[in-house]
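# Chain and residue survey
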Amino acid sequence: MIELPHKVLGYSCPINGLEDQYEWKTGVRLPGYCLMDLATLGFTYIKQKNAPAPRMVFWGNGMGKPLFNFLADVIGFEWSFTENKSFQSAWQSALNSLELGLPVILGQLDMYHLPYYPKFYHKIHIPQHYVLLVGTDDERKTALVQDNGLAGIQPIPLEDLKEAWNVRVPGQGKPNTLYTLKFNQRPADLEVIWRRALKKRARLFLEPPVGFLGLRGMKKAQKEISVWVDELDIQAWEESLRSLATFTCSVVPNLPQALLPYPLGYEDPHHACRDRFAKELTSASETYHEKTWAKAANLFQESGVQIGRLTELACMALSGKPDAFRDASEIMKQIITFEEEAFKILN
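Now for a look at the structure at hand. (Residues numbered from 1 in each chain as written. Predicted model: local features only at pLDDT ≥ 70, side-chain atom pairs only at ≥ 80, totals over all residues. Heavy atoms only, no water.)

### A short note on the overall build of the protein
Formally: Helix and strand labels come from DSSP, where a helix needs a run of H or I of at least four residues and a strand needs a run of E of at least two; each type is numbered from the N terminus. Here the globule rule is a power law, 2.2 Å times the number of residues to the power 0.38, and the radius of gyration is based on C-alpha atoms. Burial classification: accessible surface area is computed with a 1.4 Å probe over protein chains only, and a residue below 20% of its type maximum counts as buried, one above 50% as exposed, and the rest as partly exposed. Any two residues whose heavy atoms approach within 4.5 Å are treated as being in contact.
Helix and strand counts for the protein come out as twelve helices and eight strands. Since a compact globule built from 347 residues should have a radius of gyration of about 20 Å, the 20 Å found for the protein is in line with a globular shape. Its C-alpha atoms give the protein principal-axis dimensions of about 60 × 50 × 35 Å. Residue burial in the protein is summarised as follows: out of 347 residues, 55% are buried. Sequence-distant contacts, at least 24 apart, represent 64% of the contacts inside the protein between residues at least 6 apart.

### Here's the deal with the state of the cysteines
Cut-off, in case you're wondering: Count a disulfide wherever a pair of cysteine sulfur atoms falls within 2.5 Å.
A full pass over the atoms with the stated rule returns zero disulfides. No disulfide involves Cys34; its sulfur sits 13 Å from the nearest other cysteine sulfur, which is in Cys273. For Cys34, a relative accessible area of 4% translates into the label buried.

### Examining helix H9 (residues 234–246)
Here is the rule: For a helix, the expected span equals 1.5 Å multiplied by the number of residues minus one. By the criterion applied in these results, polar contacts are pairs of N or O atoms within 3.5 Å in which, for protein atoms, one can donate a hydrogen and the other can accept it, and in which residues neighboring in sequence qualify only through two side-chain atoms.
Here H9 spans 18 Å end to end across 13 residues, near enough to the 18 Å set by a 1.5 Å rise per residue. On its buried face, H9 sits against strand S2 (55–60), helix H8 (228–231) and helix H11 (291–318). Structurally, the start of H9 carries an N-cap: the backbone nitrogen of Gln235 is 3.1 Å from a side-chain oxygen of Asp233.

### Concerning unusual backbone geometry
In this structure, Gln108 follows Gly107 across a cis peptide bond, with omega equal to 20°. Tracing the backbone through its elements, the reader meets Gln108 in strand S4 (residues 104–109). Even without a glycine there, the phi angle at Asn84 is positive, about 65°. Here Asn84 is to be found in the loop between strand S3 (77–82) and helix H4 (87–99). Classification of Asn84 by relative accessible area gives partly exposed; the value is 41%.

### Concerning the packing of aromatic side chains
Filter applied, for reference: Stacked, edge-to-face and tilted labels apply to pairs of Phe, Tyr and Trp rings (six-membered ring for Trp) whose centres lie within 6.5 Å, assigned for plane angles under 30 degrees, over 60, and everything in between, in that order. A positively charged side chain is recorded as over a ring if its NZ (Lys) or CZ (Arg) lies within 6 Å of the ring centre. The angle to the ring normal must also be within 35 degrees.
Counted by the stated rule, this structure contains 21 aromatic pairs. Aromatic side chains Tyr45 and Trp228 sit 6.4 Å apart centroid to centroid with 15° between the ring planes, which places their arrangement in the stacked category. In this pair, Tyr45 is assigned in strand S1 (residues 41–47) and Trp228 in helix H8, connecting sequence segments 183 residues apart. There is no split in this pair, since Tyr45 and Trp228 are both buried. Measuring from ring centre to ring centre gives 4.8 Å for Phe58 and Phe247, while their planes differ by 70°; the resulting arrangement is edge-to-face. Here Phe247 lies in the loop between H9 and helix H10 (274–287) and Phe58 lies in strand S2, a separation of 189 residues in the sequence. Each member of the aromatic cluster is reached from another via a ring pair, and the members are Trp194, Phe205, Phe277, Tyr288, Trp293, Phe300 and Phe343. Taking NZ or CZ as reference, Lys200 lies 5.0 Å from the ring centre of Phe70, over its face.

### Focus: the pattern of salt bridges
Condition: Counted as salt bridges are all cases of a side-chain nitrogen of Lys or Arg within 4 Å of a carboxyl oxygen of Asp or Glu.
By the definition in use, this model includes 17 salt bridges. Asp137 is paired through a salt bridge with Arg140; the nearest N and O atoms lie 3.1 Å apart. Exposure remark for Arg140: the relative accessible area of 61% places this residue in the exposed category. The partner of Glu339 in a salt bridge is Arg274, and the shortest N-O contact between them spans 2.8 Å.

### Digging into the sheet that holds strand S8 (residues 178–183)
Spelled out, the test is: Pairing between two strands requires that DSSP report at least two bridges joining them. A fitted line through C-alpha atoms serves as each axis, taken over the contacting stretch for helices, and the angle formed by two N-to-C directions is quoted from 0 to 180°.
An order of S3-S8-S4-S5-S6-S7 is seen for the six strands of this open sheet, with the pairing classed as antiparallel. The open sheet terminates on both sides in strands that have one partner only, identified here as S3 and strand S7 (154–157). Geometrically, the sheet is characterised by an average inter-axis angle of 35° between neighbouring strands, direction not taken into account. In this sheet, strand S5 (residues 129–137) lies alongside S4 in antiparallel orientation, the contact comprising five bridges. Looking at S5, one finds that Ile105 is bridged to Leu132.

### Brief notes about helix H7 (residues 214–224)
Every buried residue belonging to H7 is among Gly214, Leu215, Gly217, Met218, Ala221, Gln222 and Glu224, and all of these are buried. Those residues of H7 that are buried are in contact with S1, S2, helix H6 (190–206), H8 and helix H12 (328–346).

Given below as structure tokens:
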């Protein structure tokens, strides 16, 4: 059993295990969602001919490996991972890390198999969760984890963990994936993290290494989005719109309330986290006396509003008004204008 501090913050699971370890090493708790947003804000456009959703738009650059890869030199840590092994092999790797005094980030997990979430346990599949493994109870055959949504230590019976960990999400994760982090002697403080991350994030958006990421990917999507309906059969087109509407979320990936037969229980404007990031960046601009950051924050706020409009068009198209989505390309143009200017300010 490794004793660590633990930050409880809903919908922050991809970054929570890293933040707990950062606080463990530095004694400093990182605020809010700033680290997650700095690590993921961006754009990805994926075309997969035979996928259920042949056109997929993500308003970030991914969790898991992309997230740790982005933050490693920003914060100051080395990281390693294993994936796609058998459960027994992956579990033994996790045990080996614990014996060395290293907590282990497990994910993605399907919350359908996590008994400490009765709302989801054996009811709803949500295969996008991460936890921090800090120990085991051999007598009860359980893994002991810290979960961003709950205080204290949560037990997961190994039989449940085996099922929960068997997640394969194309482009996001493979079964039995785990991550271990080794921090430098002096990890960066929050101001340094902000400055390094903003510069790096801006460069990656404006000069992406491949054509489906960042500004290049956004411009490609803008040219193609209004003709998806002509390129795809009706089922593939509708699945692509559902995917688009799901991943414009500002809280957690889910369809907008307009497309669901049950109440969500929370409000999500589907501004692709630009609304949240704009507030964080405004606060940072005041704290660190960077007036230009406030201007960039306003641009991200405006971009988020347009992303919300794009989501509304997708909802209208899926509700029997397919012609409404013909305006998607024009809205994408406005989003590009706002985000390109914002990232140029931050570069």
